[in-house]
Amino acid sequence: MLLRLRVVLPDRPGSLGQVARTLGVVGADIVSVVVLERVGGRAVDDFTVVWPASAQVDRVLTGLAAVPGVRVDGVWRGTELSEPSSGREVALIGQVAANPDHGLATVVDAAPALFGADWAVAILVGSDWAGGGARTQSVRPAWSESSVVCASWRAPVVPPQVDIAPLRPRAASAADGVHLAVAPFQRGGLVLVVGRGGAEGDAGAPPFHGSEVERLAQLVGATASVLGDRLAGPGLAEPGKAGSRVAGTPAPAGTTSSWAP
């Protein structure tokens, strides 16, 4: 199986080699390394490795814990390689351009694999959210005020609630362990939300990193440029009535999660 590891390590010569050697010793075959951040003498890297499904993941964690200065911030299962420079996101925009009538559903279906997430949804938010106005603290945000337009496989019927005003790309984590990344299309109040972790996901998954949020925003911006007014059409919100789904299959019973701060 594919296993993803978020590792914090010293940003000095030899540190990456130590991590790679340790992974090899414990039986992990590295297939991808993505550098998320290098600042203040430390680096944050996402490793994707091939790991025997029958082996205990604790073996990886124990091995890396023995490397001086190294910390594992997350470990979760992967379904596909997540490589920002692989051209997959460019190819995805090409698919959207080739079939714009299904462009939004195409992006929602592809987003979980691109961002190491469990699910994705496109929601249509209210005019107060779309206008970017911040709500008062006395008002609780609620996705029930929004319409789910498209949902990927494994998406909850009602996405976890999180305050996204003012509307801009951001990461957030719910109290129950669900991590979210949010990016608005800047058209018609449409927002893309990707989620991972939580009770129904992989509990070891880390929060979304700033570089992942930036990639999501770039993907959303490119999609909006290609689809244009199709994202603000009068019929866009209709498929989301009563939590129905355009893309993917309904989430199994019991997968709905919520968070009200």
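Residues numbered from 1 in each chain as written. Predicted model: local features only at pLDDT ≥ 70, side-chain atom pairs only at ≥ 80, totals over all residues. Heavy atoms only, no water.

Participant: Hey, could you run me through the packing of helix H4 (residues 103-114) against helix H6 (residues 210-227) in this one?
Facilitator: How two helices sit against one another is set out by the angle between their axes and by the gap between those axes. Put simply, H4 and H6 touch, their axes get as near as 11 Å, and they point 165° apart. In terms of orientation, H4 lies roughly antiparallel with respect to H6. Crossing angle aside, the handedness with which H4 passes H6 is right-handed. For the pair H4 and H6, the contacting residues are Gly103, Leu104, Val107 and Leu114 in the first and Arg215, Leu219, Thr223 and Leu227 in the second. (Axes fitted to C-alpha atoms, helices over the stretch in contact; angles between N-to-C directions. Helix = DSSP H or I, 4+ residues; strand = E, 2+ residues; numbered from the N terminus. Parallel < 35°, antiparallel > 145°, perpendicular 65-115°, else oblique. Left-handed = near helix turned anticlockwise from the far one by under 90°. Contact = heavy atoms within 4.5 Å.)

Participant: Mind showing me how you'd approach unusual backbone geometry here?
Facilitator: Excluding glycine, residues mostly carry a negative phi; peptide bonds, for their part, are mostly trans. The backbone phi angle of Arg154 is positive, close to 75°, even though this residue is not glycine. Locating Arg154 in the fold gives a position in the loop between strand S6 (147-151) and strand S7 (170-173). Backbone geometry at Gln186 places phi at a positive 60°, although glycine is not the residue there. The residue Gln186 is located in the loop between strand S8 (178-184) and strand S9 (190-197) in this model. A residue is classified by how much of its surface remains accessible, and Gln186, at 63% relative accessible area, is exposed. (Buried < 20%, exposed > 50% of the residue type's maximum accessible area, 1.4 Å probe, protein only.)

Participant: Would you mind going over the environment of Arg230 with me for this structure?
Facilitator: Position of Arg230 among the secondary structure elements: in the segment after H6. What makes Arg230 partly exposed here is its relative accessible area of 47%. Here the alpha-carbon distance between Arg230 and Pro100, two residues 130 residues apart in the chain, equals 8.2 Å. Not counting residues up to four positions away in its chain, the partners in contact with Arg230 are Pro100 and Asp101. Reaching out from Arg230, the side chain makes a polar contact with the side chain of Asp101 at a distance of 2.5 Å. (Polar contact = N/O pair within 3.5 Å; in protein donor to acceptor, adjacent residues only side chain to side chain.)

Participant: Sorry, what's going on with the confidence of the model for the protein here?
Facilitator: Detailed reading of the predicted coordinates is not advisable wherever pLDDT falls low. Within the protein, residue pLDDT values average 80, and 78% of them lie at 70 or more. Throughout residues 131-142 the model reports pLDDT below 50, and contacts reaching past four residues in sequence, or to other chains, amount to 21 contacts. Predicted confidence for residues 237-261 stays below pLDDT 50, and this span has 58 contacts to residues more than four positions away or in other chains. (pLDDT = per-residue confidence, 0-100.)

Participant: Help me understand the packing of aromatic side chains, please; the structure alone is not making it clear to me.
Facilitator: What describes a pair of aromatic rings is the distance from one ring centre to the other and the angle between the planes of the rings. The tally for this structure, following the rule as stated, stands at zero aromatic pairs. Its end group placed over the ring of Trp153, Arg154 keeps NZ or CZ at 5.7 Å from the ring centre. Geometry around Phe208 places Arg196 over its ring, the cationic atom sitting 3.9 Å from the centre. (Phe/Tyr/Trp six-rings, centres within 6.5 Å; stacked < 30°, edge-to-face > 60°. Lys NZ or Arg CZ within 6 Å of the ring centre and 35° of its normal.)

Participant: Where do I start with the pairing of strand S3 (residues 42-50) in this structure?
Facilitator: Within a regular strand, the side chains alternate between the two sheet faces. Buried residues dominate S3, accounting for seven of its nine residues. Sheet topology places strand S1 (residues 2-10) next to S3; nine bridges connect them, and they run antiparallel. Paired with Leu3 across the strands is Val49, a residue of S3. Sheet topology places strand S2 (residues 29-39) next to S3; nine bridges connect them, and they run antiparallel. Within S3, the residue paired with Ser32 across the bridge is Thr48. Hairpin connection of S2 to S3: two residues between the antiparallel strands, including Gly40 at a positive phi of 60°. (Pairing = 2+ DSSP bridges.)

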